[in-house]
Amino acid sequence: MEAADYEVLSVREQLFHERVRECIISTLLFATLYILCHIALTHFKKPAEFTTVDDEDATVNKIALELCTFTLAVALGAVLLLPFSIISNEVLLSLPRNYYIQWLNGSLIHGLWNLVFLFSNLSLIFLMPFAYFFTESEGFAGSRKGVLGRVYETVVMLMLLTLLVLGMVWVASAIVDNNKASRESLYDFWEYYLPYLYSCISFLGVLLLLVCTPLGLARMFSVTGKLLVKPRLLEDLEEQLYCSAFEEAALTRRICNPTSCWLHLDMELLHRQVLALQTQRVLLEKRRKASAWQRNLGYPLAMLCLLVLTGLSVLIVAIHILELLIDEAAMPRGMQDASLGQVSFSKLGSFGAVIQVILIFYLMVSSVVGFYSSPFFRSLRPRWHDTAMTQIIGNCVCLLVLSSALPVFSRTLGLTRFDLLGDFGRFNWLGNFYIVFLYNAGFAGLTTLCLVKTFTAAVRAELIRAFGLDRLPLPVSGFPRASRKSQHQ
């Protein structure tokens, strides 16, 4: 063999080893995410659904749980996708020739983006509908009972659903873009239909993030306030503890002596009031036992960090709106070649990249908080060891829609300059200036409105409660006027 042939074989062998190494790394990363998601779902599932007398139902629920675990792992991977890419680029910039990070390259990052896109399509279009129909199926009439009969019914239902969705997407494409080439392209299932359908789902996810994130940013202050110990601002905790203990003793006495010739007592209401008073007393005891550092330093620092992160997010979006009006390069776009380690995607270097990663995680957490705080999706909120299987499926679908739209959401708002890789950058609506501009303006306006309303209401309520005005029979805003009967009493 000639030297040229040996060189070609060496290049092919090196390329083969690189592909094997990327497959091993991707498998290890996904296995780690899968284990974490399985542990999480195990703590939320309802044990009664997996230990039933009917082994068939238990087997079906176990299979559906594994499909939900896969979907949740894909959702977590979509959340980590953009931060991992940004950090990898900065690591390659700082250590360009380090031997121990040679495995970290543009090919690996590009492959991870393609895998997340593929698994997101697979989960949303096939696995989650299959899991839902599988748990609800009972087998065809006249067929033998068993798991296999349920599988047959589920496959038929899934095929009918696929045909229905395919027809709706084809009609929508014909209405929106009345072009023969675009309609004929939908006949190519893998190349055009799935990316087009996922583009519609991603657009819905981005719109859902637009609604949930401002609401979540406003709710983050109250959620953090419940988890931390608030400082004592003109409050007498001893007096509140005595009042709570006195009210609890009075209600307990009513429950123990329910007979009364004057009043008809609602025992269920009394029990709920006792539980609420016990919870309030536990919180007051926690505040009383907290150290001065935890009470006077932890809570203000946490509120300050939330305020800084939220203000920084709105400021970056406002600057991005101005850039959209001036420079066309500020528009989100796709990048087919993942050339990492050449230039930083932040003007502040590594420090700016860390800020971008923190903001992306913060907005994702805020969007989840806002999603479960909204009145439309509040019923989907999972409960510890008391979440039904269909509710777990619904949560996994919603979380996957939110997380898979996070890279597009972050790039559209200008939180990062890292361009979208793979099929994430092929969405048609990303090139529409009016959609991107209105989206940025809507996010900045909604976030500012929610923050101003929530912050002023919270400060006003805390000041009124601290000065004791809520206990006075005064027409204070936010507190109902005391009735004449209670004033005479």
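Heads up: the structure comes first, above all this text.
Residues numbered from 1 in each chain as written. Predicted model: local features only at pLDDT ≥ 70, side-chain atom pairs only at ≥ 80, totals over all residues. Heavy atoms only, no water.

**Q** How should I be thinking about the overall build of the protein chain in this particular structure?
**A** Each helix and strand in the protein chain was counted, giving 14 helices and two strands. With 489 residues in all, the protein chain has 40% of them scored as buried. Considering only contacts in the protein chain between residues 6 or more positions apart, those separated by 24 or more positions represent 79%. Of the accessible surface of the protein chain, which amounts to about 28300 Å², a share of 67% is contributed by carbon and sulfur atoms. (Helix = DSSP H or I, 4+ residues; strand = E, 2+ residues; numbered from the N terminus. Buried < 20%, exposed > 50% of the residue type's maximum accessible area, 1.4 Å probe, protein only. Contact = heavy atoms within 4.5 Å. Areas by Shrake-Rupley, 256 points an atom, 1.4 Å probe, with all protein chains shown as cover.)

**Q** Got a minute to help me understand the packing of helix 2 (residues 55-94) against helix 11 (residues 389-404) in this structure?
**A** The description of two helices packed together rests on the angle between their axes and the distance between the axes. Between helix 2 and helix 11, the least distance of the axes is 8 Å, while the angle of their chain directions is 20°. In terms of orientation, helix 2 and helix 11 fall into the roughly parallel class. Between helix 2 and helix 11 lies a crossing of left-handed hand. Along the contact surface, helix 2 presents Asn61, Ala64, Leu65, Cys68, Thr71, Leu72, Val74, Ala75, Ala78 and Val79, while helix 11 presents Met389, Ile392, Ile393, Cys396, Leu399, Leu400, Ser403 and Ser404. (Axes fitted to C-alpha atoms, helices over the stretch in contact; angles between N-to-C directions. Parallel < 35°, antiparallel > 145°, perpendicular 65-115°, else oblique. Left-handed = near helix turned anticlockwise from the far one by under 90°.)

**Q** Would you mind going over the packing of aromatic side chains with me for this structure?
**A** Any two aromatic rings considered together are summarised by their centre-to-centre distance and by the angle between their planes. Inspection of every chain in the model, using the stated rule, returns 13 aromatic pairs. With 4.4 Å between their ring centres and 25° between their planes, Phe371 and Phe377 make a pair best called stacked. Relative to Tyr439, the ring of Phe409 has its centre 6.2 Å away and its plane inclined at 85°; by these criteria the two rings are edge-to-face. Of this pair, Phe409 sits in helix 12 (residues 406-412) while Tyr439 sits in helix 13 (residues 433-466), placing them 30 residues apart in sequence. Judged by its relative accessible area of 1%, Phe409 is buried. For Tyr439, a relative accessible area of 7% translates into the label buried. Ring pairs connect the aromatic residues Phe30, Tyr34, Phe70 and Phe119, which therefore count as one cluster. (Phe/Tyr/Trp six-rings, centres within 6.5 Å; stacked < 30°, edge-to-face > 60°.)

**Q** Would you explain the pattern of salt bridges in this entry?
**A** Note that side chains of opposite charge can pair when their charged atoms are close. Counted according to the given criterion, the structure contains three salt bridges. Between Glu22 and Arg19 there is a salt bridge, and its shortest N-O distance comes to 3.8 Å. Of this pair, Glu22 and Arg19 both sit in helix 1 (residues 3-44), three residues apart, which is roughly one turn of that helix. Look at Glu22 and you get buried, because its relative accessible area is 11%. Take Arg19: its relative accessible area is 40%, and that puts it in the partly exposed class. (Salt bridge = Lys/Arg side-chain N within 4 Å of Asp/Glu carboxyl O.)

**Q** Honestly, unusual backbone geometry in this entry has me stumped. Any pointers?
**A** Backbone geometry follows two general trends: most residues other than glycine have a negative phi, and most peptide bonds adopt the trans configuration. Even without glycine at this site, His385 takes up a positive phi of about 60°. Within the element layout of this structure, His385 appears in the loop between helix 10 (350-373) and helix 11. By relative accessible area, which is 37% here, His385 ends up partly exposed.

**Q** When you look at a positive patch on the surface in this model, what are you seeing that I'm missing?
**A** Among the surface-exposed residues, Arg219, Lys226, Arg378 and Arg381 lie close enough to one another that they form a single positively charged patch. As for its position among the elements, Arg219 is in helix 6 (residues 189-227). Residue classification places Arg219 among the partly exposed positions, given a relative accessible area of 31%. (Patch = residues over 30% accessible without salt bridge, like charges linked within 9 Å, V, L, I, M, F, W, Y side chains within 5 Å. Lys, Arg positive; Asp, Glu negative; His and termini not counted. Charge placed at Lys NZ, Arg CZ, Asp CG, Glu CD.)

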